[in-house]
Amino acid sequence: MVFCGLFPVDADQFPDLRDALEKLQLNDAALKFEPETSSAMGFGFRCGFLGLLHMEIVQERLEREYNLNLITTAPSVVYRVNTVNGDTTMCSNPSLLPQPGQRKSVEEPYVKIELLTPKEFIGALMELAQDRRGEFKEMKYIAENRASILYELPLAEMVGDFFDQLKSRTKGYASMEYSVIGYRESDLIKLDILINAELVEPLSTIVHRDKAYSVGRALTQKLKELIPRQMFKVPIQACIGTKVIASEALSAIRKDVLAKCYGGDISRKKKLLKKQAAGKKRMKAIGRVDVPQEAFMAVLKLEREVL
């Protein structure tokens, strides 16, 4: 039900990661994996798990028992895409999502979740569930000061930091259990990140349309902090298809070409600035921005928080 990418920090450990996953699969039939290549993180595996706990246990075992240093991408769920020609495809990766013109509808898995909490934290938990697109079903008191709240909400909203938020908002007193109840149609879109007009595939995510702006804004602002400045201006854009919904720009590193001009005619200064601008424009046309590994790590961590 939950998918994520596992990549070795050191590319030389890729064969070791494959051997380790094969050994784990011998006594864990629920673990599924297939090779995946990322332009940012190299060779790795797309792994499928029963849930978040299963994912954490597998990751911990790989790191402890096999001495592997791993990068884990933000967990995602399997979406069901109905195309205009009548086909139905299962999509666990944003890069596999069909083009908007080919999609008829996108369905996502929903869960029924029961929250058990002391009565003083009911408001905080209801606010959390509503923020995660939850549908309230019922609430009942199982004791004088303890309540059970029933919600139905998308699994994608729960695989992030939902449990962490649940514990922090209730000082650790609340608990939860959930079960998958099937797929429902939702207004889901693919959010792309463009850096200097080039698509960065590993940063693409599938989000609900209502959340697209806030997620796009958070990602572009974070990338602006993390990408080193270049000799030319670098636009960082979050897009839905061809529509830009959030944008930031890295300003260029500039040399002071007017330093040698003391006094003199203004036309001389204008000529030098114009020459510099033409050089920057030419550089931007052929320039390429390399996104550092730390930026990907920080953005993946941010995706877990904002999705």
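These figures come from a predicted structure and were not determined experimentally.

Please give an account of the packing of aromatic side chains that cites residues and values.
Counted by the stated rule, this structure contains five aromatic pairs. Aromatic pair F14 and F45: ring centres 5.1 Å apart, planes at 10 degrees, arrangement stacked. With F14 in helix α1 (residues 14–26) and F45 in strand β3 (residues 42–49), the pair connects residues that are 31 residues apart, well separated along the chain. With a relative accessible area of 2%, F45 lands in the buried category. Seen in terms of ring centroids, F136 and Y151 are 5.5 Å apart; in terms of plane orientation they differ by 70 degrees. Their pairing is edge-to-face.

Explain unusual backbone geometry to me, and be specific about the residues and the numbers.
Even without a glycine there, the phi angle at N67 is positive, about 50 degrees. At R133, a position not held by glycine, the phi torsion is positive, near 65 degrees. Within the fold, R133 resides in the loop between α3 (122–131) and β9 (135–143).

Run through the pattern of salt bridges, naming residues and quoting values.
Throughout the structure, instances matching the rule amount to 14 salt bridges. R133 is the partner of E108 in a salt bridge, and the nearest nitrogen-oxygen pair spans 2.9 Å. In this pair, E108 is assigned in strand β8 (residues 103–118) and R133 in the loop between α3 and β9, connecting sequence segments 25 residues apart. By relative accessible area, which is 0% here, E108 ends up buried. Between R184 and E152 there is a salt bridge, with the nearest N and O atoms lying 2.2 Å from each other. Taken as a pair, R184 in strand β11 (residues 175–186) and E152 in strand β10 (residues 146–154) lie far apart in primary sequence, 32 residues in all. On the basis of relative accessible area, R184 is assigned to the partly exposed category, the value being 27%.

The rules behind the values
Residues numbered from 1 in each chain as written. Predicted model: local features only at pLDDT ≥ 70, side-chain atom pairs only at ≥ 80, totals over all residues. Heavy atoms only, no water. Phe/Tyr/Trp six-rings, centres within 6.5 Å; stacked < 30°, edge-to-face > 60°. Helix = DSSP H or I, 4+ residues; strand = E, 2+ residues; numbered from the N terminus. Buried < 20%, exposed > 50% of the residue type's maximum accessible area, 1.4 Å probe, protein only. Salt bridge = Lys/Arg side-chain N within 4 Å of Asp/Glu carboxyl O.

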